[in-house]
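Inside the fold
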Amino acid sequence: MIANLLAAIGRPVIAVLAACGRVTLFALEVLSHLLRPPFYLREFGHAVMQIGWNSLPVVAMTALFTGGALALQIYAGGSRFNAESVVPSIVAIGMARELGPVLGGLMVAARVASSIAAEIGTMKVTEQVDALVTLSTNPLKYLVVPRLLAATLVVPVLVAVGDSIGIMGGWLVGISRLQFNSAVYLKNTVDFLEFWDIGSGLVKGAAFGFIVALMGCHFGLNSGRGAQGVGTATKSAVVGASVLILATNYLLTGVFFSS
Amino acid sequence: MIELRGVAKRFGTNQVLRGIDLSLPKGQSMVIIGGSGTGKSVLLKCILGLVRPDAGTILVDGQDVERTNRDALLARFGMLFQGGALFDSMRVWENVAFRLRRGAKALPKARAREVAVEKLRRVGLKPEVADLFPAELSGGMQKRVGLARAIAAEPEIIFFDEPTTGLDPIMSGVINELIREIVVEMGATAMTITHDMTSVRAIADRVAMLHDGLIRWTGPVSGMDAADDPYLQQFIHGRAKGPIESVR
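Now for a look at the structure at hand.

Quick notes on the rules
- Here the residue index of a chain counts from 1 through its sequence in written order.
- Numbering of ligands from 1 and lettering of chains from A proceed in the order in which they are written.
- Since the coordinates come from a predicted model, pLDDT governs what is reported: local features require at least 70, and pairs of side-chain atoms require 80 or more to be given and counted, while whole-chain, interface and lining totals use all residues.
- Based on all heavy atoms of the structure, the side-chain values leave hydrogens and waters out of the count.
- Every helix listed is a DSSP run of H or I at least four residues long, and every strand listed is a run of E at least two residues long, numbered separately from the N terminus.
- We call two residues contacting when some pair of their heavy atoms lies within 4.5 Å.
- Of the two site types, the cavity is a set of points on a 1 Å grid over the protein atoms alone where a 1.4 Å probe fits but cannot get out, and the pocket is an open set with protein on both sides within 12 Å along at least five of seven lines, each lined by residues with an atom within 4 Å of a point.
- Grid points are joined across faces, edges and corners, and a volume is the space filled by probe spheres set on the points.
- Between rings of Phe, Tyr and Trp, where Trp is taken as its six-membered ring, a pair exists when centres lie within 6.5 Å; planes separated by under 30 degrees are stacked, by over 60 edge-to-face, and by other angles tilted.
- The cut-offs for exposure are 20% and 50% of the maximum accessible area for each residue type, with area from a 1.4 Å probe on protein chains only; residues under the lower value are buried, those over the upper are exposed, and the others partly exposed.
- Working rule: Lys NZ or Arg CZ, within 6 Å of ring centre, within 35 degrees of ring normal, means a charge sits over the ring.
- Lines fitted to the C-alpha atoms define the axes, with helices restricted to the stretch that makes contact. Angles between their N-to-C directions range from 0 to 180 degrees.
- Left-handed is the label given to a crossing in which the near helix is rotated counterclockwise from the far helix by less than a right angle, and right-handed is the label when the rotation is clockwise.
- Residue polarity is assigned by list, with Asp, Glu, Lys and Arg as charged and Ala, Val, Leu, Ile, Met, Phe, Trp, Tyr, Cys and Pro as nonpolar; anything else, Gly included, falls into the polar class.
- Throughout, nonpolar core names a set of buried Ala, Val, Leu, Ile, Met, Phe, Trp, Tyr and Cys residues whose side chains join them through atoms within 4.5 Å.
- Nonpolar side chains (Val, Leu, Ile, Met, Phe, Trp, Tyr) within 5 Å and like charges within 9 Å form the patches, drawn only from residues with over 30% relative accessible area and no salt bridge.
- In short, Shrake-Rupley with a 1.4 Å probe defines the accessible areas, and a residue's cover is counted only from the protein chains shown.
- Salt bridges, as used here, are contacts in which a Lys or Arg side-chain nitrogen is within 4 Å of a carboxyl oxygen on Asp or Glu.
- Count a disulfide wherever a pair of cysteine sulfur atoms falls within 2.5 Å.
- Buried area is calculated as the accessible area (1.4 Å probe) missing from two parts once they are joined, with the contributions of both summed.
- Identification of polar contacts relies on pairs of N or O atoms within 3.5 Å, with a donor-acceptor requirement for protein atoms, meaning one able to donate a hydrogen and the other able to accept it, and with residues adjacent in sequence counted only if both atoms are side-chain atoms.
- A helix is expected to span 1.5 Å for every residue after the first.
- Two strands pair if DSSP finds at least two bridges between them.

This part covers the environment of glycine 94 of chain A. In this structure, glycine 94 of chain A sits in helix H4 (residues 87-125). In contact with glycine 94 of chain A, not counting residues within four places along its chain, are Leu99 and Gly100 of chain A.

It is worth spelling out empty space enclosed by the protein at this point. Residue and element names in this part refer to chain A. Enumeration over the complete set of coordinates arrives at 4 cavities of 30 Å³ or more. The volume enclosed by the largest cavity comes to roughly 100 Å³. Elements represented by at least two residues in the lining of the largest cavity include exactly helix H2 (41-51) and H4. The element that contributes the greatest number of residues to the lining of the largest cavity is H4, accounting for 5 residues.

Turning to the packing of aromatic side chains, a few remarks are in order. For the structure shown, the criterion picks out 8 aromatic pairs over all chains. Relative to phenylalanine 98 of chain B, the ring of tyrosine 142 of chain A lies with its centre 5.6 Å away and its plane at 75°, an arrangement referred to as edge-to-face. With tyrosine 142 of chain A in helix H6 (residues 139-177) and phenylalanine 98 of chain B in the loop between helix H3 (92-96) and helix H4 (109-122), this residue pair bridges two chains. Here tyrosine 142 of chain A and phenylalanine 98 of chain B have matching classes, each one buried. Among the aromatic residues, those joined into a ring-pair cluster are Tyr40 and Tyr142 of chain A together with Phe87 and Phe98 of chain B. Stacked on the ring of phenylalanine 257 of chain A, the Lys or Arg arginine 97 of chain A has its end atom at 3.9 Å from the ring centre. We note lysine 9 of chain B situated over the ring of phenylalanine 11 of chain B; from NZ or CZ to the ring centre the distance is 5.2 Å.

Residue and element names in this part refer to chain A. Look at H6 against helix H7 (residues 182-192): their axes get within 10 Å of each other, and the N-to-C directions meet at 145°. Note that H6 runs across H7; the crossing there is right-handed. On H7, the residues that touch Ile167, Gly170, Trp171, Gly174 and Ile175 of H6 are Ser182, Tyr185, Leu186 and Thr189. Per-class residue counts for the contact of H6 with H7 are 5 nonpolar, 4 polar and no charged.

So, about the nonpolar core. Leu4, Leu17, Ile20, Leu22, Ile32, Phe159 and Met191 of chain B are the most contacted members of the largest nonpolar core, which totals 81 residues. For this core, the element with the most residues is H6 of chain A, which contributes 12 residues. Apart from the residues lying within four places of it in its own chain, the contact partners of leucine 4 of chain B are Ile20, Asp21, Leu22, Leu43, Ile47, Thr57 and Ile58 of chain B. Counting 51 residues, the second-largest nonpolar core is a separate cluster that includes Leu125, Ile158, Met171 and Trp217 of chain B.

Another point: a nonpolar patch on the surface. Taken together, Met1, Ile2, Leu5, Leu6, Ile9, Val13 and Leu17 of chain A make up a surface patch of nonpolar side chains, about 820 Å² in accessible area. By secondary structure assignment, the location of leucine 17 of chain A is in helix H1 (residues 2-33).

This brings us to the state of the cysteines. All names here are of chain A. All told, the structure shown has 0 disulfides over all chains when counted by the stated rule. Distance from the sulfur of cysteine 20, which forms no disulfide, to the nearest cysteine sulfur (cysteine 217) is 18 Å. A residue is classified by how much of its surface remains accessible, and cysteine 20, at 43% relative accessible area, is partly exposed.

Now for the interface of chain B and chain A. On the chain A side, the residues contacting the 23 residues of chain B number 15 residues. For chain B, the biggest contributors to the area lost against chain A are Phe81, Phe87 and Arg99 of chain B; these three give 28% of the whole. Linking aspartate 130 of chain A and lysine 45 of chain B is a salt bridge whose minimum nitrogen-to-oxygen distance equals 3.3 Å. One can count 6 residue pairs in polar contact (both at pLDDT 80 or more) joining chain B with chain A.

Residue and element names in this part refer to chain B. Overall, the coordinates contain 21 salt bridges over all chains when judged by the stated rule. Glutamate 156 serves as the salt-bridge partner of arginine 76, at 2.9 Å between the closest nitrogen and oxygen. With arginine 76 in the loop between helix H2 (70-74) and strand S6 (77-80) and glutamate 156 in the loop between helix H5 (139-151) and strand S7 (157-161), the pair connects residues that are 80 residues apart, well separated along the chain. Since its relative accessible area comes to 36%, glutamate 156 is described here as partly exposed.

Attention now goes to the side chain of serine 29 of chain B. Residues and elements named next belong to chain B. Following the sequence through the fold, serine 29 ends up in strand S3 (residues 29-33). By relative accessible area, which is 1% here, serine 29 ends up buried. Only 2.9 Å separates the side chain of serine 29 from the backbone oxygen of isoleucine 203, close enough to count as a polar contact. Each residue touching serine 29, except ones within four places of it in the same chain, is listed here: Arg180, Val183, Ala190, Ile203, Ala204, Asp205 and Arg206.

Let us look at H4 of chain B. Residues and elements named next belong to chain B. Taking 1.5 Å of rise per residue, 14 residues should cover 20 Å, and H4 covers 20 Å from first to last C-alpha, within 8% of that figure. Every buried residue of H4 is listed here: Ala112, Val115, Ala116, Val117, Lys119 and Leu120. Among the structural elements, H3 and H5 are those in contact with the buried residues of H4. Looking at the residues trailing H4, positive phi occurs at glycine 124, about 85°.

Let us look at the sheet that holds strand S4 (residues 55-60) of chain B. Across a sheet, paired strands are connected by hydrogen bonds in the backbone, their directions being either parallel or antiparallel. Residue and element names in this part refer to chain B. Strands sit in the order S2-S1-S4-S5 across an open sheet of 4 strands; the sheet is antiparallel. Edge positions in the sheet fall to strand S2 (14-24) and strand S5 (63-64), since each has one partner strand and no second. Pairing between S4 and S5: 2 bridges, direction antiparallel. Each residue of the ladder has a partner; that of leucine 59, found in S5, is aspartate 64.

Spelled out as structure tokens, the structure:
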């Protein structure tokens, strides 16, 4: 009875640890290919467009509405302490440090990790990955490295755009519904925002981009057979990337701001 | 020449290959027959290094594939996959010219396209097909594009994985004829896996039958009908009754 209970607890724990080990080994193997030729510039360019440019609308919409909602919440909370004037600075700091990178990262995880896992998973089950090998092309170099590099470089740019649009969302709500003066709102935003508020968010963005591409590629290349296998790989990539983004966000916030 | 000695492979509890001994002389065409799930594809993938065998040795021209430079080895191979395995995101000519545009001897784009169109013509496809995407082609056309890609770099050894599966009898005949012509014309060594007996008779110089993880029978195609192996006879005549269980 107790042995069965312990076994029931142990099995998923071992499964999770084994999955962590596999992802880590995969990441190390990919990193070992990062600086060694051949480099596939065309695939890199394609990945930049897919991950960066095509994610812009969804990241922008998310940031716009989040910035607006944040302004309303901070105004309502601040009014309890007669501190309504903090709205511009808190919206800016909140967007730059946390909500910009985390929500941007999660939206990219939903959009990009799923699409990478589905695309590579389909290539795996239709033997296109094997075909690459027989055509003397390393799938890690051809499929994974360009996507990983592109995601790590473009997600910080998406975060920067998201931060700006989020702050603009707060400003729009501030001047239209909360009776802020436009110039005062913008001055408060600029005065209280420090370089590291933005910098830390961009570093987080790079880490989240790396996680999104890594999980998409890992689960895609290890996809099971058939439509169900690709479906499971896609789901696992999104869930894995989202959980890792939130955990990494906590760790990085602790490292950057715990002093 | 390709030589396999005691090649074994297990997936979990499923022992797929139990010790394969097989040799294929240079310039010959061997067809490996056997029921579904008997490990024919695994055998090809072991030779190509896509699957690592648990035991045994695979020699290509006397050199152990495990100890040979992989890129140099793969450069000598061409492979036609069962479903074509064409890259969806690329146009037909880019698929055919994939190998030609990479590596130390990479051709310029225009020349690679010319070669691709020439190979497409060789497999009976018009130049207009070159700019289409694989999804716009029929199953038979996809197979021909796969064949054009397999022969594009003029490999010494070509593998065909179930080349006629899913095709109508006429298209199967066309593909069989093309394979035979191309192999003879290029002087290539060919290994084909199939359970289509028409293909076997059209393509093979030699036949090997894989059953229960072992080579059950091997010999020239001309000796296949006269062979007294009951497993082989059941398979080539498609009998439901015999030593091979019909439910596996």
